[in-house]
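What follows is the residue order along each chain.
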Amino acid sequence: MRTAYNVETVRAAERALMATLPEGTLMQRAAAGLAAACADLLGRRVYGARVALLVGSGDNGGDALYAGARLARRGAGVTAVLLTPDRAHPGGLRALRGAGGRAVTAGEGVGAVRRADLVVDGIVGIGGKGAPREPAQELVAAAEGALIVAVDLPSGVDADTGEAPDAAVRADATVTFGTYKPGLLVDPAREHAGALRLVDIGLGPWLPSEPDVEALQHADVADLLPRPSAESDKYRRGVVGIVAGSARYPGAAVLAVAGALSGGAGAVRYAGPATDAVIARFPETLVTAGPPAEAGRVQAWVIGPGLGDGSEARQALVDVLSSDVPVLVDADGLRLLDPQAVRARRAETLLTPHAGEAAALLGLSREEVEASRLSAVRALADRFGATALLKGSTTLVADGTRAIRVNPTGTPWLATAGSGDVLAGLTGSLLAAGMNARDAASVGAYLHGLAARALGSAPITSLGVAEELRRVWLDVSR
């Protein structure tokens, strides 16, 4: 599992570790990892390669200078462009010059940056706020065409929130030290970070056991997947109820059921007006045209995809929220939602909005939600006393008490009609199979993204994603 910690926690861990080490050891470890990553990017071209270091006044600048010295000793032509010459790290500067590198001022450095094969962004570190200012912006613009490697995180990116102004550095790779930072895993900052490389500097024992953000990997998902035992029957495996679709949107019901049938539950019950469409496509579904109360016993409900906002939809939501089983609310169900009704529930509730729906629930603009996704998903969980899955370029899961989970498997091709309906059905089925809401949401998003990726870099259909889920389930569980 990838784990990430906020700046305050990282700083405290660094202080504790440095107290046990000779002075400068931590910076040397970071510089060694940074130099190795730069050499890997340059491949066999380290000797004779042109490297430009954009050096600020903080420890990031020191990391860059010491790494530049290591590259210079391997034959690279290294030029440090000092943004604040009187505040450059003195030890790092001596090491660079001693290894044959040179240092110039910002005004003198534009040409060196333009000629560089690789540019190291050591402008500001994890404590920096806001976009780089001039002359740094001009130097970053001059790096077009070169490989850009960010030290710890791209300058201008907020390490804790993932916020990233347009002028923040866009790196081809980011070499981060000790642990991931939340912003590196979350858009929009993730798009600025490029490929991530974590350098172990010995910070692990000094970090808390509970991170601020975490991202499941294959092994984590495999451990969580529900598996039937020899004594299982379809009811012991769990039954998920789907309340979705309408005369206008019968396809939403079909897609939600498609996702649910691939989600690990033993049976799917459908209640709503799209029974003919559902049974024609999936004859194994147990259907009723009546309200949810007539569908039979379930271990979890999914309500909302294509439901509409009429009186029957409102009553169905009231009935489902009054049940004593976990409930997933998506799409139209979110627009009808009463926060007090959710907070009053004893069983778990999982909300699955996209950014626009989250904005409406929180009284924000869509742009505000997308710019600060970590804050938005926390706010959703807090306001409703529920687990929230915020869909989007980075899908996030929060329950208000533990680390926010970041899904690493998404793809832009999932921005297609009906994909959220499939995700709702899949995740609801995991709930019915016995998973808690946080795990069901995390695993559902992981498998959903993986299925879309498996279909390749080309237009996909939501039904195609649902059909791919069984294959990625097998792949993960091997």
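Computed from a predicted structure; not experimentally measured. (Residues numbered from 1 in each chain as written. Predicted model: local features only at pLDDT ≥ 70, side-chain atom pairs only at ≥ 80, totals over all residues. Heavy atoms only, no water.)

### Thoughts on the sheet that holds strand S11 (residues 267-271)
Here is step 1 of the chain: Pairing in this open sheet of eleven strands is mixed, and the strands run S1-S9-S18-S17-S16-S15-S14-S13-S10-S11-S12 from one edge to the other. With one partner strand each, in any of the chains shown, strand S1 (2-4) and strand S12 (286-288) form the two edges of the open sheet. Between one strand axis and the next, the sheet turns through 20 degrees on average, direction left out of account.
Here is step 2 of the chain: Examined bridge by bridge, strand S10 (residues 239-243) and S11 share five bridges and lie parallel to one another. Note that in S11 the partner of Gly 241 across the bridge is Arg 269.
Here is step 3 of the chain: Relative to the sheet, helix H16 (residues 373-384) contacts strand S9 (213-215), strand S15 (349-351), strand S16 (387-390), strand S17 (396-398) and strand S18 (404-406), its axis offset from that of S17 by approximately 35 degrees. (Pairing = 2+ DSSP bridges. Helix = DSSP H or I, 4+ residues; strand = E, 2+ residues; numbered from the N terminus. Axes fitted to C-alpha atoms, helices over the stretch in contact; angles between N-to-C directions. Contact = heavy atoms within 4.5 Å.)

### Considering the side chain of Thr 176
Here is step 1 of the chain: Locating Thr 176 in the fold gives a position in strand S7 (residues 173-177).
Here is step 2 of the chain: At 2.8 Å, the side chain of Thr 176 and the side chain of Asp 152 are in polar contact.
Here is step 3 of the chain: Each residue touching Thr 176, except ones within four places of it in the same chain, is listed here: Asp 152, Lys 181, Leu 184, Arg 197, Leu 198 and Val 199. (Polar contact = N/O pair within 3.5 Å; in protein donor to acceptor, adjacent residues only side chain to side chain.)

### Concerning the sheet that holds strand S2 (residues 50-55)
Across a sheet, paired strands are connected by hydrogen bonds in the backbone, their directions being either parallel or antiparallel.
Here is step 1 of the chain: Strands sit in the order S4-S3-S2-S5-S6-S7-S8 across an open sheet of seven strands; the sheet is parallel. In this open sheet, the two strands that pair with only one neighbour each are strand S4 (102-105) and strand S8 (195-199). The average undirected angle you get between the axes of adjacent strands in this sheet is 20 degrees.
Here is step 2 of the chain: Two strands pair when backbone bridges link them, and S7 and S8 are joined in this way by five bridges, in the parallel orientation. If you follow Val 175 over to S8, its bridge partner there is Arg 197.
Here is step 3 of the chain: Set on the sheet, helix H5 (residues 106-115) makes contact with S2, strand S3 (77-82), S4 and strand S5 (118-122); between it and S4 the angle comes to about 120 degrees.

### Structural notes on helix H11 (residues 311-321)
Here is step 1 of the chain: Taken as a whole, H11 has its buried residues at Ala 313, Ala 316, Leu 317, Val 320 and Leu 321. Considered in projection along H11, the buried side chains sweep an arc of 125 degrees and stay on one side of the axis. Looking at H11, the residues exposed on the side facing more than 90 degrees away from the buried face are Ser 311 and Glu 312.
Here is step 2 of the chain: Among the structural elements, S10, strand S13 (300-303), strand S14 (327-329), helix H12 (332-335) and helix H13 (339-343) are those in contact with the buried residues of H11. (Buried < 20%, exposed > 50% of the residue type's maximum accessible area, 1.4 Å probe, protein only. Arc of directions from axis to C-beta.)

### Some thoughts on the UniProt feature "domain: YjeF C-terminal" (unreviewed entry) in the protein chain
Here is step 1 of the chain: Residues annotated by UniProt as "domain: YjeF C-terminal" (unreviewed entry) correspond here to residues 217-476.
Here is step 2 of the chain: For residues 217-476, helix accounts for 46% and strand for 13%, while the C-alpha atoms at its two ends are 10 Å apart. (UniProt positions renumbered as here; feature names shortened; annotations may be inferred.)

### Focus: the pattern of salt bridges
Here is step 1 of the chain: Inspection of the entire model under this criterion finds 16 salt bridges.
Here is step 2 of the chain: One salt bridge connects Arg 11 with Glu 14, and the closest N-O pair in it is separated by 3.5 Å. Note that Arg 11 and Glu 14 are positioned in helix H1 (residues 7-18) at a spacing of three residues, about one turn of the helix.
Here is step 3 of the chain: The class for Glu 14 is buried, based on a relative accessible area of 14%.
Here is step 4 of the chain: The residue Arg 438 makes a salt bridge to Glu 214 at a minimum N-O spacing of 2.8 Å. In this pair, Arg 438 sits in helix H18 (residues 437-454) while Glu 214 sits in strand S9, placing the two residues 224 residues apart along the sequence.
Here is step 5 of the chain: Linked by salt bridges that have partners in common, Glu 214, Arg 405, Arg 438 and Asp 439 make up one network. (Salt bridge = Lys/Arg side-chain N within 4 Å of Asp/Glu carboxyl O.)

### Notes on helix H14 (residues 355-362)
Here is step 1 of the chain: The buried fraction of H14 is high, at six of eight residues.
Here is step 2 of the chain: Considered for burial, the residues of H14 that qualify are Ala 355, Glu 357, Ala 358, Ala 359, Leu 361 and Leu 362.
Here is step 3 of the chain: As for H14, its buried residues are in contact with H12, helix H15 (366-371), H16 and S16.
Here is step 4 of the chain: Downstream of H14 by one or two residues, Gly 363 has phi in the positive range, about 70 degrees.

### Side note on the packing of H18 against helix H19 (residues 462-477)
Here is step 1 of the chain: Axis separation between H18 and H19 bottoms out at 8 Å; the angle between their running directions is 105 degrees. Taken together, the axes of H18 and H19 are roughly perpendicular relative to one another. For the pair H18 and H19, the contacting residues are Tyr 446, Leu 447, His 448, Leu 450, Ala 451, Ala 452 and Ala 454 in the first and Val 465, Glu 468, Leu 469, Val 472, Trp 473 and Val 476 in the second.
Here is step 2 of the chain: Split by residue class, the contact of H18 with H19 holds eleven nonpolar, one polar and one charged. (Parallel < 35°, antiparallel > 145°, perpendicular 65-115°, else oblique. Nonpolar A, V, L, I, M, F, W, Y, C, P; charged D, E, K, R; others polar.)

### Focus on the pairing of S3
Here is step 1 of the chain: Across the six residues that make up S3, a large majority, five, are buried.
Here is step 2 of the chain: Note that S2 and S3 share six bridges and pair parallel. Along S3, the bridge assignment pairs Leu 54 with Val 81.
Here is step 3 of the chain: A crossover connection joins S2 to the parallel S3 through helix H3 (residues 59-73); in handedness this β-α-β unit is right-handed.
Here is step 4 of the chain: Sheet analysis places S3 next to S4, joined by four bridges and oriented parallel. Looking across to S4, one finds that Thr 79 is bridged to Arg 102.
Here is step 5 of the chain: Handedness of the β-α-β unit built from S3, helix H4 (residues 90-98) and S4 comes out right-handed. (Right-handed = clockwise from strand over helix to strand, strands pointing away.)

### A look at the environment of Ala 13
Here is step 1 of the chain: Along the chain, the position of Ala 13 falls in helix H1.
Here is step 2 of the chain: For Ala 13, a relative accessible area of 2% corresponds to the buried category.
Here is step 3 of the chain: Remark: the alpha-carbon pair of Ala 13 and Trp 206, spanning 193 residues in sequence, is separated by 5.0 Å.
Here is step 4 of the chain: Those residues in contact with Ala 13 that sit more than four places away from it in its chain are Leu 203, Trp 206 and Leu 207.

### Considering the environment of Val 239
Here is step 1 of the chain: Within the element layout of this structure, Val 239 appears in strand S10.
Here is step 2 of the chain: Along the chain, Val 239 and Gly 125 lie 114 residues apart, while their C-alpha atoms are 50 Å from each other.
Here is step 3 of the chain: Dropping the residues within four chain positions of it, Val 239 is found in contact with Lys 234, Ala 267, Arg 269, Arg 297, Val 298, Gln 299, Ala 300 and Ala 432.

### Considering the packing of H14 against H16
Here is step 1 of the chain: The interhelical angle for the contact between H14 and H16, taken along N-to-C directions, is 50 degrees, at an axis separation of 10 Å. The angle between the axes of H14 and H16 places the two elements in the oblique class. Note that H14 runs across H16; the crossing there is left-handed. Packed against H14, whose contacting residues are Ala 355, Ala 358, Leu 361 and Leu 362, the element H16 presents Arg 373, Ala 376, Ala 379, Leu 380, Arg 383 and Phe 384 at the interface.
Here is step 2 of the chain: Split into classes, the residues belonging to the contact of H14 with H16 amount to eight nonpolar, no polar and two charged. (Left-handed = near helix turned anticlockwise from the far one by under 90°.)

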